[in-house]
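Residues per chain, in single letters:
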Amino acid sequence: MAFLEINNVSKTFGKTTAVKDFNLKVEKGELVSFLGPSGCGKTTTLRMVAGFEVPSSGEIIIDGKDVTYEPPNRRPVGMVFQSYALFPNMNVAANIGFGLKIAKRSREEINQRVNEMLELIHMPGYGNRYPHQLSGGQQQRVALARALAMHPEVLLLDEPLSALDAKIRVSLRGEIRSIQRELGITTVYVTHDQEEALSISDRVVVMNNAQIEQIGPPFEIYNFPQTEFVAQFVGTLNAVNAEVVDPKAKILKFEGQQLQTAFSLDKLHSGDKVMIAIRPERLSFASQEKKANILKGKVQNITFLGAVVRIQIGIDSLNFYMDTFNNPYLALPKIGEDVEITCSAEAVLALKERKESQG
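Reference entry: report on the structure contained in this document. Each chain has its residues counted from 1, following the order in which its sequence is written. Whole-chain, interface and lining totals are the exception, using all residues; otherwise, since this is a predicted model, local features are given only for residues with pLDDT of at least 70 and side-chain atom pairs are given and counted only at 80 or more. Heavy atoms from the whole structure form the basis of all side-chain values; hydrogens and water molecules are not counted.

This part takes up the sheet that holds strand β5 (residues 65–66). Whether two strands pair depends on DSSP finding at least two bridges between them. Secondary structure elements follow DSSP: runs of H or I no shorter than four residues count as helices, runs of E no shorter than two count as strands, and numbering proceeds from the N terminus. In space, the four strands of this open sheet follow the order β2-β1-β4-β5, with antiparallel pairing throughout. The open sheet terminates on both sides in strands that have one partner only, identified here as β2 (16–26) and β5. Where strand β4 (residues 57–62) meets β5, two bridges bridge the pair, whose relative direction is antiparallel. Bridge assignment links Ile61 to a residue of β5, and that residue is Asp66. Relative to the sheet, helix α1 (residues 42–50) contacts β1 (4–13), β2 and β4, its axis offset from that of β1 by approximately 120 degrees. For this analysis, residues touch if any pair of their heavy atoms sits within 4.5 Å. The axes used here are C-alpha line fits, helices contributing only the stretch in contact, and every angle between their N-to-C directions lies in the interval 0 to 180 degrees.

Below, the structure is given as structure tokens:
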């Protein structure tokens, strides 16, 4: 049995469905991220696990115990909020020890646990400071320490880094992952930031329109998306509608150009429509190497992104993007130049046909 189980959980507010048929099993010590756009249901699901919302149907089980209707203070969970939610009139030590004080633990036990938490978040000596004397990153560390002080069995984080600048986010998410691994605590992490989810998670739950689109390890989510939404939402993607030419030979065509995929087309027939998806980093210039597929186009734009150079190539009426690593001696084509680009059959994903109305 999994340590945390969310079984057939749905949540409605009036006529609005916020979460529909959510099913997930999280193993002990695993970090799972809920990833998706605003309004997809990820925070509502987290709040149901925390006890701040009651499911309209379904059940939530933690370590074999049904907690579906238990209040938050009777669940073995710790929550870190997006807004930190620190008490401004309390110093750092009092904030961290607040839950222990409410639980009527001894002063000695509280002081010992607070010092342990300050060491864990690399802030010894900060106990007497107040929240307004801390940076955003330090406040979030304190919020994390407060959630962990009560020895929760499940740690819940609701977009904890969204208010911080980019460099601090990268640093702090690494610290959160390190602490989570050190403690071996089962963790659910909500974010709309795909890089954040991919970088720290054991598994990612991609959500859209109140439902789960796909669950899997970050590598699988990025490289083998199962739906158009996942393919489009996670990473940059070249996605176009195509037609099956020969399902046995796995040949597709679009805009008069043919491509071969390595993925099965056995359930399709000649003339069927599909969406093909190719990541920009899977493309390269055919003049440098030749792979199974070669496409002809014209360079439309070149964008310098630091470590990566993104080249926009017009293929008939469509635009493709190709990413190449930057180096000081990189030879780039000129805008307007005719080029051939290439990719392997394994780089061409074939998904259900894209519906233009979805934008």
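A word on the nonpolar core. Side chains that are nonpolar tend, in soluble globular proteins, to be buried together. Among buried residues, the Ala, Val, Leu, Ile, Met, Phe, Trp, Tyr and Cys ones that are joined through side-chain atoms within 4.5 Å form a nonpolar core. The buried label applies to any residue whose accessible area, calculated with a 1.4 Å probe on protein chains only, is under 20% of its type's maximum; exposed applies above 50%, and partly exposed to all values in between. Membership of the largest hydrophobic core comes to 32 residues, with the highest contact counts inside it found for Ile96, Val142, Leu144, Leu148 and Leu155. Counting only elements with at least two residues in this core, the list comes to α2 (92–96), α4 (107–120), α5 (136–149), β7 (154–158) and α6 (166–183). Discounting chain neighbours no more than four positions away, the residues touching Leu144 are Val80, Leu155, Leu157, Ile176 and Ile179. In terms of nonpolar packing, the next biggest core, distinct from the first, is built from 27 residues, Leu4, Val49, Ala50 and Val67 among them.

Right, let's talk about α4 for a bit. Working rule for helices: expected span equals 1.5 Å times residues minus one. Across its 14 residues, α4 extends 20 Å between first and last C-alpha, which sits within 8% of the 20 Å expected from 1.5 Å per residue. Where α4 is concerned, the buried positions are Ile110, Arg113, Val114, Met117, Leu118 and Leu120. Mapping the buried residues of α4 onto a view down its axis gives an arc of 155 degrees, with all of them on the same face. What points out from α4, more than 90 degrees from its buried face, is the exposed set Glu108 and Glu119. Looking at the buried positions of α4, the neighbouring elements they touch are α2, α3 (98–102), α5 and α6. Residue His122 follows α4 closely and has a positive phi angle near 60 degrees. Along the arc lie the directions from the helix axis toward the C-beta atoms.

Here we come to the sheet that holds strand β20 (residues 349–352). One open sheet holds the five strands; their spatial order is β13-β12-β11-β14-β20, and the pairing between them is antiparallel. At either end of the open sheet lies a strand with only one pairing partner, and these are β13 (257–260) and β20. Within this sheet the neighbouring strands show an average axis-to-axis angle of 45 degrees, counted without direction. Across four bridges, the pairing between strand β12 (residues 251–254) and β13 is antiparallel.

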